[in-house]
Amino acid sequence: MDKIKIENLTKYFGGRKVLDNINLDIPGSLGLLGPNGAGKTTLMRILTTLVHSDEGQIKYGEISWENKDNVRQLIGYLPQHFSMYQNLNILDVLDHFAVLKGRENKDSRNEEVQQVLQQVNLEQNQKTKIKHLSGGMLRRVGIAQALLGDPEILVIDEPTAGLDVEERSRFRRLLRSLSENRIIIISSHIVEDLETTCDHIGIIKNGSVVSSGTRDEVIQVASGCVFESELSQKQLDSLDDDAIISIKQMGDHYSVRYFDFRNQRACTSDWPTLEDAYLYRMRYENNETI
Ligand SMILES: Nc1ncnc2c1ncn2[C@@H]1O[C@H](COP(=O)(O)OP(=O)(O)OP(=O)(O)O)[C@@H](O)[C@H]1O
């Protein structure tokens, strides 16, 4: 499988730089992680050719993003806010998308729609109207329309926005299975969305990629400075807010995960997670790549 190569990509909106010299290789599944406003959606929209960049280039093998029509054949896109006519049922919606994608023959179109319904496990619900779907089912319809045409590249913006815990976990498993034989790019500000679904991670902050690589490479940055200890209320109060990663109450003590750069409590550092590395990049570093 070819990889997507993004080189020196810069985008301005009204004179303001919102993407600053982005360089990224996307060899399989990439999770784009960053806070609200970091530039993730803009990058996703450039990847889907809906927005053009001001500088730089994107290539997938020999195919350049300068040739929009060729690129569009390759891409399935689930935008952050996906909805559809409330009174149509799932089958009609997908048929409509298939027509928009140029499928003229009714029989082969129907066959393709049934295939994507099966992939997202909605065959039994195909006659259900959009207005009666849960958030998770609606996102699955969104994935189904993105899968029409069996695209080599899937771009998915904020996959679990608005979903409950159970739906999130089911949706993540679906994304993982879809990443097996295609390039999939998922943006999120929720670390768990990407931790189990993506082999490569890019962390984006203020329009710049501050870290990228395999999950393990990205995690390395927090190695040796993450600790987990049982602390009293007084000890907890002595920690700097920025140092705290998570707190669990355990009776009158707290189990606290935190950053400590001088190992003040002389305990053994814990193996960092992607969330640790993400918070480290957000809190302690200015824009510099590892
Ligand atoms: N069409 C536009 N015109 C002007 N500014 C824009 C436009 N689209 C995005 N921006 C600005 O560009 C910056 C990056 O926005 P973007 O939506 O790409 O970030 P994001 O990381 O996807 O955040 P979110 O998760 O909140 O969508 C923001 O400051 C946003 O206000």
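- Under an unreviewed UniProt entry, the name given to the chain is ATP-binding cassette domain-containing protein, and the organism recorded is Lentibacillus kimchii.
- Recorded under Sequence similarities (unreviewed entry), the UniProt text for the chain is reproduced unchanged: "Belongs to the ABC transporter superfamily."

1. Observations regarding the overall build of the chain
Link 1 in the chain: From N to C terminus, the chain includes ten helices and 13 strands.
Link 2 in the chain: Taking the principal axes of the C-alpha coordinates as reference, the chain spans close to 70 × 45 × 35 Å.
Link 3 in the chain: Counting every position in the chain, which comprises 290 residues, the buried fraction comes to 49%.
Link 4 in the chain: In the chain, of all internal contacts separated by at least 6 residues, the share reaching a separation of at least 24 is 66%.
Link 5 in the chain: Here the chain has roughly 14,500 Å² of accessible surface; of this, 43% comes from carbon and sulfur atoms.
Link 6 in the chain: Within the chain, the 43 negative side-chain charges are centred at a point lying 4 Å from the centre of the 34 positive side-chain charges.

2. Quick word on the pattern of salt bridges
Link 1 in the chain: In total, this model carries 13 salt bridges according to the counting rule given.
Link 2 in the chain: The partner of arginine 170 in a salt bridge is glutamate 166, and the shortest N-O contact between them spans 3.6 Å. Note that arginine 170 and glutamate 166 are positioned in helix 6 (residues 165–178) at a spacing of four residues, about one turn of the helix.
Link 3 in the chain: We note a salt bridge from aspartate 270 to arginine 257, for which the minimum N-O separation is 2.7 Å. Taken together, the residues aspartate 270 in the loop between strand 13 (253–259) and helix 10 (274–284) and arginine 257 in strand 13 connect sequence positions 13 residues apart.
Link 4 in the chain: Its relative accessible area of 31% is what places aspartate 270 among the partly exposed residues.

3. Here's the deal with the packing of helix 5 (residues 135–147) against helix 6
Link 1 in the chain: Between helix 5 and helix 6, whose axes approach to 9 Å, the crossing angle comes to 15°. When the interaxial angle is binned, helix 5 and helix 6 end up roughly parallel. In this structure, helix 5 crosses over helix 6, and the sense of that crossing is right-handed. The segment helix 5 lies against helix 6, with Gly135, Gly136, Met137, Arg139, Arg140, Ile143 and Leu147 engaging Glu167, Arg170, Phe171, Leu174, Leu175 and Leu178.
Link 2 in the chain: When the residues that make up the contact of helix 5 with helix 6 are grouped by side-chain class, the tally is seven nonpolar, two polar and four charged.

4. Focus: the site of the ligand
Link 1 in the chain: Taken together, 13 residues sit near the ligand, with Arg16, Gly37, Lys40, Thr41 and Thr42 positioned nearest.
Link 2 in the chain: Between alanine 38 and the ligand, the recorded distance is 3.0 Å, taken from a backbone N or O atom to an oxygen atom.
Link 3 in the chain: Within the contact set of the ligand, an oxygen atom lies 2.6 Å away from a side-chain nitrogen or oxygen of threonine 42.
Link 4 in the chain: Contact with the protein chains removes 61% of the 630 Å² of surface that the ligand exposes when unbound.
Link 5 in the chain: Where the shell around the ligand is concerned, the elements lending two or more residues are strand 2 (16–26) and helix 1 (40–47).
Link 6 in the chain: Ranked by the residues each element gives to the shell around the ligand, the list is headed by helix 1, at three residues.

5. What about the side chain of lysine 40?
Link 1 in the chain: Within the secondary structure, lysine 40 is located in helix 1.
Link 2 in the chain: Not counting chain neighbours up to four residues away, the residues in contact with lysine 40 comprise Leu32, Leu33, Gly34, Pro35, Glu158, Ser187, Ser188, His189 and Ile204.

6. Quick word on the side chain of arginine 182
Link 1 in the chain: The topology assignment puts arginine 182 in the loop between helix 6 and strand 8 (183–188).
Link 2 in the chain: The exposure class assigned to arginine 182 is buried, which follows from its relative accessible area of 4%.
Link 3 in the chain: At 3.1 Å, the side chain of arginine 182 forms a polar contact with the backbone oxygen of leucine 178.
Link 4 in the chain: When sequence neighbours within four positions are dropped, the list of residues in contact with arginine 182 reads Met1, Gly28, Gln119, Leu147, Asp150, Pro151, Glu152 and Leu154.

7. What about the sheet that holds strand 13?
Link 1 in the chain: Spatially, three strands are ordered 11-13-12 in an open sheet, and the strand pairing comes out antiparallel. Only two strands of the sheet have a single neighbouring strand rather than two, namely strand 11 (226–231) and strand 12 (244–250). Taking the axes of each pair of neighbouring strands and ignoring which way they run, one obtains an average angle of 15° across the sheet.
Link 2 in the chain: One ladder, built from six bridges, connects strand 11 with strand 13; its direction is antiparallel.

8. A look at the UniProt feature "domain: ABC transporter" (unreviewed entry) in the chain
Link 1 in the chain: As recorded in UniProt, the feature "domain: ABC transporter" (unreviewed entry) lies at residues 4–231.
Link 2 in the chain: Within residues 4–231, the helical portion is 34% and the strand portion 30%, while the C-alpha atoms at the span's ends are 46 Å from each other.

9. Observations concerning the sheet that holds strand 7 (residues 153–157)
Link 1 in the chain: The mixed open sheet is built from six strands, whose spatial order is 6-7-8-3-9-10. Every other strand in the sheet has two partners, leaving strand 6 (75–78) and strand 10 (208–214) as the edge strands with one partner each. Mean inter-strand twist for the sheet, computed between neighbouring axes without regard to direction, equals 15°.
Link 2 in the chain: Both strand 3 (residues 29–33) and strand 9 (residues 200–205) contribute to a ladder of four bridges, which runs parallel. Within the sheet, the bridge partner assigned to glycine 31 lies in strand 9 and is isoleucine 201.

Rules of the game
Residues numbered from 1 in each chain as written. Predicted model: local features only at pLDDT ≥ 70, side-chain atom pairs only at ≥ 80, totals over all residues. Heavy atoms only, no water. UniProt positions renumbered as here; feature names shortened; annotations may be inferred. Helix = DSSP H or I, 4+ residues; strand = E, 2+ residues; numbered from the N terminus. Buried < 20%, exposed > 50% of the residue type's maximum accessible area, 1.4 Å probe, protein only. Contact = heavy atoms within 4.5 Å. Areas by Shrake-Rupley, 256 points an atom, 1.4 Å probe, with all protein chains shown as cover. Lys, Arg positive; Asp, Glu negative; His and termini not counted. Charge placed at Lys NZ, Arg CZ, Asp CG, Glu CD. Salt bridge = Lys/Arg side-chain N within 4 Å of Asp/Glu carboxyl O. Axes fitted to C-alpha atoms, helices over the stretch in contact; angles between N-to-C directions. Parallel < 35°, antiparallel > 145°, perpendicular 65-115°, else oblique. Left-handed = near helix turned anticlockwise from the far one by under 90°. Nonpolar A, V, L, I, M, F, W, Y, C, P; charged D, E, K, R; others polar. Near = heavy atom within 4 Å. Polar contact = N/O pair within 3.5 Å; in protein donor to acceptor, adjacent residues only side chain to side chain. Pairing = 2+ DSSP bridges.

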